[in-house]
Amino acid sequence: MTVIDLTRMLPGGTGTLLLSDLGAEVVKIEQPPGGDATRWLEPRIGTDSSAQHQYMDRGKTSLSLDLKSEAGRAELFELVGRADALVESFRPGVADRLGIGYEVLAEINPALVHLALSGYGQEGPRASAAGHDLNFVARAGLLGADREVPPTLVADVTGGVLAALGLTAGVLSARETGRGSFIDLALADAALVLGGMQIAERLASQRLDVPVATPLDGRSPCYRVYPTSDGRHLAVAAVEEKFWQRVVEILGHPEWATRQTDPTLVPEVAAVLATRPLEQWLAELDLPDTCVSGVLDIDDLPDDPQVRERGSLIEVETAAGPLWQVAPPFHARENSNNSPSRRFLEVPT
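Only a predicted model underlies this, so the values are computations on that prediction, with no experimental measurement involved.

A. Quick peek at the overall build of the protein. Of the regular secondary structure elements, the protein holds 13 helices and 15 strands. Principal-axis analysis of the C-alpha atoms gives the protein an extent of 75 × 50 × 50 Å. When burial is assessed residue by residue, the protein has 38% of its 349 residues classed as buried. At a minimum sequence separation of 6, the contacts of the protein that also span at least 24 residues come to 60%. As presented, the protein carries roughly 19,500 Å² of accessible surface, and 54% of it is formed by carbon and sulfur atoms. Side chains of the protein carry 30 positive and 49 negative charges; the gap between the two charge centres is 3 Å.

Structural data, given as structure tokens:
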């Protein structure tokens, strides 16, 4: 698959990163003179790159084109003629004003899949509004009772994953029918997909006048983060009764087994877990049948045994020396003629 990437920053970059990791040829079009904004973030790598850019654009070919110029558009049209897909993140109407909208590109390549990734989509009262991840998550009702800023850009990343899925489906369809398509994907809609199950249960509860009965909202003692005596934290996610029973047995309070979703039990559990440091609790509670784990900081990840065994992080060579990146998440293997399987995904540079 050959994909032209006209997007900027995280959402579109995530989608084309996943496709690149899976073997797609991604041509990243950057705006002169400075290129993509991720190049200029901190920490800097060399003269025109950053740690973020090294990650987001690994495995891609970068090309600087001024799409406001006739020469730049002509070069883009040449690329479109041999591409399977194109993804852009302009506000609605901008691509048409630049002369590179779907109708123009479909004349050049009728099988092209054109995905427009925008904040609120191509239509609706907010279509032309600016927005960032926090706006999309807030409008999807996903900020929770504490209204805190999420620790990662959840709508942006979800939108990128959905873009990769949509582009792949579009290309498969085009290869079968010979006809391309225009895909309208909004980050605000991606945020709704992210909260799909919770949204369905909450709105059904409202319509049917039946209370939501879930332990996953952070109010139940079986699904919470608890501080330990050394200032670190323990994540307890013992949703199933058998896991919760095992946890309370280890804590020395089997009488708590029937209070798994009782919010009034939270202070009592917290008081017990606050009596010891994290490592002592992990020695007793971090077992295959408890759903209990320590809360890691990002700095802890390179030394985590599970991360190391899975190869979930990789070290890549940069102008600043070797740096950690998140590895492709697909542990795919191919098998031929009953011979031993081998991993066929290689990490791009």
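B. Structural view of the nonpolar core. Val3, Leu19, Ala85, Val113, Leu115, Phe136 and Leu167 are the most contacted members of the largest nonpolar core, which totals 25 residues. Among the secondary structure elements, those contributing two or more residues to this core are helix H1 (10–21), strand E6 (85–88), strand E7 (113–118), helix H6 (133–139), helix H7 (154–177) and helix H8 (187–194). Examining the composition of this core, we find that 6 residues originate from one element, H7, more than from any other. Excluding anything up to four places from it in sequence, Leu115 contacts Leu86, Val87, Glu88, Ala163, Gly166, Leu167, Ile183 and Leu185. Listed in part, the 22 residues of the second largest apolar core include Ala238, Ile250, Leu251 and Val292.

C. How the structure looks around the side chain of Glu30. With respect to the secondary-structure elements, Glu30 resides in strand E2 (residues 25–30). Polar side-chain contacts of Glu30 include one of 2.8 Å to the side chain of Ser62. In this view, Glu30 contacts Gly35, Asp36, Arg39, His53, Ser62, Leu63, Ser64 and Leu65; residues no more than four positions away in its chain are not counted.

D. Fine view of the sheet that holds strand E10 (residues 233–237). The strand order across the open sheet formed by 3 strands is E9-E10-E11, and the pairing between neighbours is antiparallel. In this open sheet, the two edge strands, each paired with only one partner strand, are strand E9 (223–227) and strand E11 (292–294). Ignoring which end each strand starts from, the neighbouring axes of this sheet average 20° apart. Of the strands in this sheet, E9 and E10 touch helix H11 (residues 266–273), which is tilted by about 40° from E9. Against the sheet, helix H12 (residues 278–285) makes contact with E10 and E11, and its axis sits at roughly 25° relative to E10, the strand it touches most.

E. Representation of the state of the cysteines within the structure. Counted by the stated rule, this structure contains 0 disulfides. For Cys222, which is in no disulfide, the shortest distance to another cysteine sulfur is to Cys291 and amounts to 10 Å. We classify Cys222 as buried; its relative accessible area is 0%.

F. Layout of the environment of Ile45. The residue Ile45 is located in strand E3 (residues 44–45) in this model. On the accessibility criterion, Ile45 (5% relative accessible area) is buried. Taking the C-alpha atoms as reference, Ile45 lies 9.2 Å from Gly321; in sequence the two are 276 residues apart. If we ignore the near neighbours within four places in the chain, the residues touching Ile45 are Ser50, Ala51, Gln54, Thr318, Ala319, Ala320 and Leu323.

G. Summary view of the environment of Thr38. Along the polypeptide, Thr38 turns up in the loop between E2 and E3. When its relative accessible area of 4% is taken as the criterion, Thr38 is described as buried. Once residues lying within four places of it in the same chain are set aside, the contact partners of Thr38 are Met9, Ser50, His53 and Asp57.

H. Local environment of the pattern of salt bridges. The full count for this structure, using the stated rule, is 16 salt bridges. In this structure, Lys60 and Asp5 form a salt bridge, with 4.0 Å as the shortest nitrogen-oxygen distance. Of this pair, Lys60 sits in the loop between helix H2 (51–56) and strand E5 (61–64) while Asp5 sits in strand E1 (residues 2–5), and the two are 55 residues apart along the sequence. You'll find Lys60 and Asp5 in the same group, each marked buried. Across the pair Arg276 and Glu284 runs a salt bridge whose closest N-O atoms are separated by 2.3 Å. For Glu284, a relative accessible area of 31% puts it in the partly exposed group. Here the residues in one salt-bridge network are Asp5, Lys28, Asp36, Asp57 and Lys60, joined through shared partners.

I. A look at the environment of Leu192. Checked against the element boundaries, Leu192 lands in helix H8. Taking C-alpha positions, Leu192 is 5.5 Å from Ala140, a pair spaced 52 residues apart along the chain.

Reading the values: the criteria
Counting starts from 1 at the beginning of each chain's written sequence and moves along it residue by residue. Local features in a predicted model are, by the rule used here, given only for residues with pLDDT of at least 70; side-chain atom pairs are given and counted only at 80 or more, and totals for whole chains, interfaces and linings are based on all residues. Heavy atoms from the whole structure form the basis of all side-chain values; hydrogens and water molecules are not counted. A run of DSSP states H or I qualifies as a helix once it reaches four residues; a run of E qualifies as a strand once it reaches two. Both are numbered from the N-terminal end. Think of it in three bands: with a 1.4 Å probe and only protein chains considered, a residue is buried below 20% of the maximum accessible area for its type, exposed above 50%, and partly exposed in between. Should any heavy atoms of two residues lie within 4.5 Å, those residues are counted as being in contact. Note that accessible areas follow from Shrake-Rupley with a 1.4 Å probe, and for residues the cover is restricted to the protein chains shown. Within this scheme the basic residues Lys and Arg register as positive and the acidic residues Asp and Glu register as negative, but His and the chain ends are omitted. We put the charge of a Lys on NZ, of an Arg on CZ, of an Asp on CG and of a Glu on CD. We call a set of buried Ala, Val, Leu, Ile, Met, Phe, Trp, Tyr and Cys residues a nonpolar core when their side-chain atoms join them within 4.5 Å. N or O atoms closer than or at 3.5 Å make up a polar contact, with two conditions inside protein: a donor-capable atom paired with an acceptor-capable one, and, for residues adjacent in sequence, both atoms drawn from side chains. Strands pair, by our definition, only if DSSP identifies at least two bridges between them. Geometry is summarised by axes, namely lines fitted to C-alpha atoms with helices restricted to the contacting stretch, and by angles between N-to-C directions that run from 0 to 180 degrees. Sulfur atoms of two cysteines make up a disulfide when they are within 2.5 Å. Basic side-chain nitrogens of Lys or Arg form a salt bridge, by our definition, when they fall within 4 Å of a carboxyl oxygen of Asp or Glu.

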